[in-house]
Amino acid sequence: LLSASLSLVYANATCKSLFAHFTSDDAEKIKNNEIPEWIHGKDSRNLIEICSTLKGLSRGTVETRFRIRGENGDWLWIQLKLTAVSDVPDISQSHSEHGNTGGFSILGICEDITLFQTAIHALRDRESRTKRLLSGVKDAAILILCEDGYIQFCNDAVQSVLGFTEAELVGQHVSLLSPRPELISGQLLNTLAQADSKFHHEEITRRIRKCGNGFWASVLTTSLTAELPYSKNY
């Protein structure tokens, strides 16, 4: 809990544990847009902007994520939500020399999200490596679809095989590449359903290039695992 002048009024045990390196000198540094060394340097600009916002915060909520050095020296990801509140009960009298806050104060909620952030970074790294691998395939068009059949990724070969650029295909439904008879018959939906149930489905079928010309193609549709944020490789 912070006063309107951003002085610390109260912190529970969890907050004190997370910010074990925090000192009263650090509070003054932060007020003067100086970032203590236990806060990650790459997050300094973000925190300075938040602190500047707090000086005029009288309503609403601001939220940010940043890294701090933990007690064992590792960097921890912290999610901080700051909300302007009024008529704060006198919960801090026995915890702080500041006594009753009175009127406008700022309530801060801190959460250690290191495991979550680490998992997100690992997923993004795996996704990036997978995309680089698929992009290296030059003789076959590779599309990754979401569960509803919308294209999320395609390799460079789609331009030579289908005539479309990646920018033209991403976000479009895969039915864009199917001839009208296949759509009417429901063959495309059947192919996706079979790939889901059998993990892969292979067939010789017709496809449509950007210019409108049809061609016969060998199509392998594979259901991906939940490790990637996609569900089908088309």
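The rules behind each value
Residues numbered from 1 in each chain as written. Predicted model: local features only at pLDDT ≥ 70, side-chain atom pairs only at ≥ 80, totals over all residues. Heavy atoms only, no water. Pairing = 2+ DSSP bridges. Helix = DSSP H or I, 4+ residues; strand = E, 2+ residues; numbered from the N terminus. Contact = heavy atoms within 4.5 Å. Axes fitted to C-alpha atoms, helices over the stretch in contact; angles between N-to-C directions. Phe/Tyr/Trp six-rings, centres within 6.5 Å; stacked < 30°, edge-to-face > 60°. Buried < 20%, exposed > 50% of the residue type's maximum accessible area, 1.4 Å probe, protein only. Disulfide = S-S within 2.5 Å. Salt bridge = Lys/Arg side-chain N within 4 Å of Asp/Glu carboxyl O. pLDDT = per-residue confidence, 0-100. 1 Å grid on protein atoms, 1.4 Å probe; cavity = no way out; pocket = protein on both sides within 12 Å on 5 of 7 lines; lining within 4 Å. Points joined across faces, edges and corners; volume = space filled by probe spheres on them. Nonpolar A, V, L, I, M, F, W, Y, C, P; charged D, E, K, R; others polar. Polar contact = N/O pair within 3.5 Å; in protein donor to acceptor, adjacent residues only side chain to side chain.

Thoughts on the sheet that holds strand β4 (residues 105-112)
Now for step 1: In spatial order, the strands read β1-β4-β3-β2; together these 4 strands make up an open sheet with antiparallel pairing. Two strands lie at the open edges of the sheet, namely β1 (2-3) and β2 (61-69), each paired on one side alone.
Now for step 2: Two elements, β2 and strand β3 (residues 75-85), share 9 bridges in a ladder whose sense is antiparallel. In the strand pairing of β3, Thr-61 is matched with Thr-83.
Now for step 3: Across the sheet, helix α3 (residues 44-54) is in contact with β2, β3 and β4; its angle to β2 comes to roughly 140 degrees.

Brief notes about the packing of aromatic side chains
Now for step 1: For the coordinates displayed, the defined rule picks out 2 aromatic pairs.
Now for step 2: Judged by centre distance (6.1 Å) and plane angle (80 degrees), the rings of Phe-19 and Trp-38 are edge-to-face. One end of the pair, Phe-19, is in the loop between α1 (13-18) and α2 (24-31); the other, Trp-38, is in the loop between α2 and α3, and 19 residues separate them in sequence. Side by side, Phe-19 and Trp-38 carry an identical accessibility label, which is buried.

With respect to the state of the cysteines
Now for step 1: What the rule picks out here adds up to 0 disulfides.
Now for step 2: Summary of cysteine pairing: Cys-110 is not part of a disulfide, and the nearest cysteine sulfur, belonging to Cys-15, is at 4.3 Å.
Now for step 3: Judged by relative accessible area, which is 24%, Cys-110 ranks as partly exposed.

Quick look at the pattern of salt bridges
Two side chains with opposite charge may pair up if their charged atoms get near one another.
Now for step 1: Within the structure shown, the criterion is met by 2 salt bridges.
Now for step 2: A salt bridge links Arg-67 to Asp-43; the nearest nitrogen and oxygen atoms lie 3.0 Å apart. On the criterion of sequence distance, the pair formed by Arg-67 in strand β2 and Asp-43 in the loop between α2 and α3 is long-range, its members being 24 residues apart.
Now for step 3: By relative accessible area, which is 7% here, Asp-43 ends up buried.

Some points on the confidence of the model for the protein
Now for step 1: A residue-level look at the protein finds 83% of positions with pLDDT of 70 or above and a mean pLDDT of 78.
Now for step 2: No element of the protein has a lower mean pLDDT than strand β9 (residues 232-233), which averages 44, and none a higher one than helix α6 (residues 166-169), which averages 91.
Now for step 3: Counted against residues more than four places away or in other chains, residues 91-101, with its pLDDT under 50, gives 19 contacts.

Section: the layout of surface pockets
Now for step 1: If you add up the space inside the largest pocket, you get close to 820 Å³.
Now for step 2: Contributing to the lining of the largest pocket are 31 residues, with Leu-2, Leu-8, Cys-15, Phe-19 and Cys-110 lying nearest its centre.
Now for step 3: Elements supplying a minimum of two residues to the lining of the largest pocket: α1, α2, α3, β3 and β4.
Now for step 4: Looking at the lining of the largest pocket, its residues break down into 26 nonpolar, 3 polar and 2 charged.

Side note on the side chain of Ser-178
Now for step 1: Examined against the element boundaries, Ser-178 turns out to sit in the loop between α6 and α7 (180-185).
Now for step 2: Once residues within four sequence positions are removed from consideration, Ser-178 is found in contact with Leu-183, Leu-188, Arg-207 and Ile-208.

Things to note about the environment of Asp-112
Now for step 1: The topology assignment puts Asp-112 in strand β4.
Now for step 2: With relative accessibility at 39%, the residue Asp-112 sits in the partly exposed group.
Now for step 3: Taking C-alpha positions, Asp-112 is 9.8 Å from Thr-14, a pair spaced 98 residues apart along the chain.
Now for step 4: The contacts of Asp-112, once residues within four sequence positions are left out, are Leu-18, Leu-76, Trp-77 and Ile-78.
Now for step 5: Here Thr-114 takes part through its side chain, which lies 2.6 Å from a polar atom of the side chain of Asp-112.

Observations regarding the environment of Thr-165
Now for step 1: With respect to the secondary-structure elements, Thr-165 resides in the loop between α5 (157-162) and α6.
Now for step 2: Assessed through its relative accessible area of 27%, Thr-165 is described here as partly exposed.
Now for step 3: Through-space distance from the C-alpha of Thr-165 to that of Asn-155 is 9.2 Å; in sequence the pair is 10 residues apart.

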